[in-house]
Amino acid sequence: MSRAAPRIAVLISGEGSNLQALLDAASAGKLGAGIGVVVSNRAAARGLERARDAGVPARFLGGKGITREAYDEELAALLTEHSPDLLVLAGFMRILSPKFVARFEGRILNIHPSLLPSYPGLDTHRRVLEAGERWHGATVHFVTVDLDAGPAVLQYRLPVRADDTVESLTTRVHVGEHFILPRAVEWFVGGRLRLENGSVMLDEQRLSQPVIMEE
Ligand code: GRF
């Protein structure tokens, strides 16, 4: 059966402001795709409400008491019902098993709040401030089995100011995330972006470094 537009699935755990940016881009016709389903591993995630408000199926899949592999099997089954062309991890706070990642290889994008490869992991804004970094930002990257280490597609860079706090950096980085994530998704669903033998291809050019946008 042919479909009008590609569909994406968005995985979240919390606030869902990046999901909102995708929902807004989709409803403005700027994404080139529809959002087919939103899945959260936390029942109270505000993002589930955002999905429902936009008329998008919102599913909670909790992981209590089951192994990572069992969770990922359930998640894959749920996603497969919606046949997504792309999975977007937008603040999804679970590590995906290698089997899951392999199953959707080249079709998973993540947004991470740092200039990867610097500052993988959690609590990036505080760590950046403590280290006295001059630059910070966010990265959209393909997901591979190496946590926060898949090939980077697009980065948003901002200068750290003397009076920045964790709160101000969180806000400024979010602004950038809401800008770069829909853009990378649009590139992917428009056929401009793909992962090929571990490298990012954009408009048939192999990227040796991510595309950079500045604040
Ligand atoms: C973002 O900062 C994203 O980079 C990180 O988790 C946060 C999610 O924020 N992976 P939100 O739920 O989209 O508001």
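Before reading on, note that the structure itself is shown above.
Procedures and definitions
Residues numbered from 1 in each chain as written. Predicted model: local features only at pLDDT ≥ 70, side-chain atom pairs only at ≥ 80, totals over all residues. Heavy atoms only, no water. Helix = DSSP H or I, 4+ residues; strand = E, 2+ residues; numbered from the N terminus. Rg over C-alpha atoms; globule rule 2.2 N^0.38 Å. Buried < 20%, exposed > 50% of the residue type's maximum accessible area, 1.4 Å probe, protein only. Areas by Shrake-Rupley, 256 points an atom, 1.4 Å probe, with all protein chains shown as cover. Lys, Arg positive; Asp, Glu negative; His and termini not counted. Charge placed at Lys NZ, Arg CZ, Asp CG, Glu CD. Core = buried A, V, L, I, M, F, W, Y, C linked by side-chain atoms within 4.5 Å. Near = heavy atom within 4 Å. Polar contact = N/O pair within 3.5 Å; in protein donor to acceptor, adjacent residues only side chain to side chain. 1 Å grid on protein atoms, 1.4 Å probe; cavity = no way out; pocket = protein on both sides within 12 Å on 5 of 7 lines; lining within 4 Å. Sits in = over half its atoms within 2 Å of the grid points. Pairing = 2+ DSSP bridges. Axes fitted to C-alpha atoms, helices over the stretch in contact; angles between N-to-C directions. Expected span 1.5 Å × (residues − 1). Arc of directions from axis to C-beta. Contact = heavy atoms within 4.5 Å. Points joined across faces, edges and corners; volume = space filled by probe spheres on them. Nonpolar A, V, L, I, M, F, W, Y, C, P; charged D, E, K, R; others polar. Domains from an automatic or database assignment.

A. Geometry of the overall build of the protein. A count of helices and strands for the protein gives six helices and 11 strands. Taken over C-alpha atoms, the radius of gyration comes to 17 Å for the protein, in line with the 17 Å a tight globule of 215 residues would show. Projected onto its principal axes, the C-alpha coordinates of the protein cover approximately 55 × 40 × 35 Å. The 215 residues of the protein split such that 48% are buried. For the protein, the exposed area adds up to about 10400 Å²; of that, 51% sits on carbon and sulfur atoms. Here the protein carries 24 positive and 26 negative side-chain charges, and the mean point of each set is 3 Å from the other.

B. Focus on the nonpolar core. Membership of the largest hydrophobic core comes to 45 residues, with the highest contact counts inside it found for Ile8, Val10, Val38, Val88, Val153 and Val185. Per-element accounting of this core gives the leading share, nine residues, to helix H6 (residues 166-189). Counting 19 residues, the second largest nonpolar core, distinct from the first, contains Leu78, Phe92, Phe104 and Val143.

C. The arrangement of the site of the ligand in detail. By nearness alone, every residue bordering the ligand is listed as Glu15, Gly16, Ser17, Asn18, Gly91, Ile111, His112, Pro113, His174 and Glu177. Separating an oxygen atom of the ligand from a backbone N or O atom of glycine 16 is a distance of 2.7 Å. Between the ligand and the protein, one listed contact pairs an oxygen atom with a side-chain N or O atom of histidine 174 at 3.2 Å. With the chains in place, 84% of the 370 Å² that the ligand exposes on its own is no longer accessible. Among the cavities detected, the one that contains the ligand is the largest pocket. Elements supplying a minimum of two residues to the shell around the ligand: helix H1 (17-27), strand S5 (108-112) and H6.

D. Geometry of the sheet that holds strand S7 (residues 152-159). Pairing is mixed across the open sheet formed by eight strands, whose spatial order is S3-S2-S1-S4-S5-S6-S7-S11. Both edges of this open sheet fall to strand S3 (58-60) and strand S11 (211-214), since each of them pairs with a single strand only. In this sheet, neighbouring strand axes are inclined to one another by 20° on average, regardless of whether the strands run parallel or antiparallel. For strand S4 (residues 86-89) and S5, the ladder comprises three bridges, and the chain directions are parallel. When the sheet's bridge partners are listed, leucine 87 is paired in S5 with isoleucine 108.

E. Fine view of helix H3 (residues 68-81). Here H3 is 14 residues long and its end C-alpha atoms lie 20 Å apart, about the 20 Å a rise of 1.5 Å per residue gives. Regarding H3, the residues found buried are Tyr71, Asp72, Leu75, Ala76, Leu78 and Leu79. All buried residues of H3 fall inside an arc of 165° around its axis, so they share one side. Each element contacted by the buried residues of H3 is listed here: strand S1 (7-12), strand S2 (34-40), S3, S4 and helix H4 (98-103). Of the residues trailing H3, serine 83 is marked for its positive phi of about 40°.

F. Representation of the layout of surface pockets within the structure. Here the largest pocket defines a volume of roughly 920 Å³. Around the largest pocket, the lining comprises 39 residues; the ones closest to its centre are Gly91, Phe92, Met93, Ile111 and Pro113. Counting only elements with at least two residues in the lining of the largest pocket, the list comes to H1, H4, S5, helix H5 (124-130) and H6. It is H6 that provides the largest number of residues to the lining of the largest pocket, a total of five residues. A breakdown of the residues in the lining of the largest pocket according to their chemical character gives 16 nonpolar, 16 polar and seven charged. Counting the residues that make up the lining of the largest pocket, at least three belong to each of domain 1 (1-104) and domain 2 (112-138 + 153-215). Its volume calculated, the second largest pocket comes out at about 180 Å³. Lining the second largest pocket, in full, are Ala21, Asp24, Ala25, Ala28, Lys30, Leu31, His178, Phe179, Pro182, Arg183 and Glu186. Breaking the lining of the second largest pocket down by element, the ones donating at least two residues are H1 and H6.

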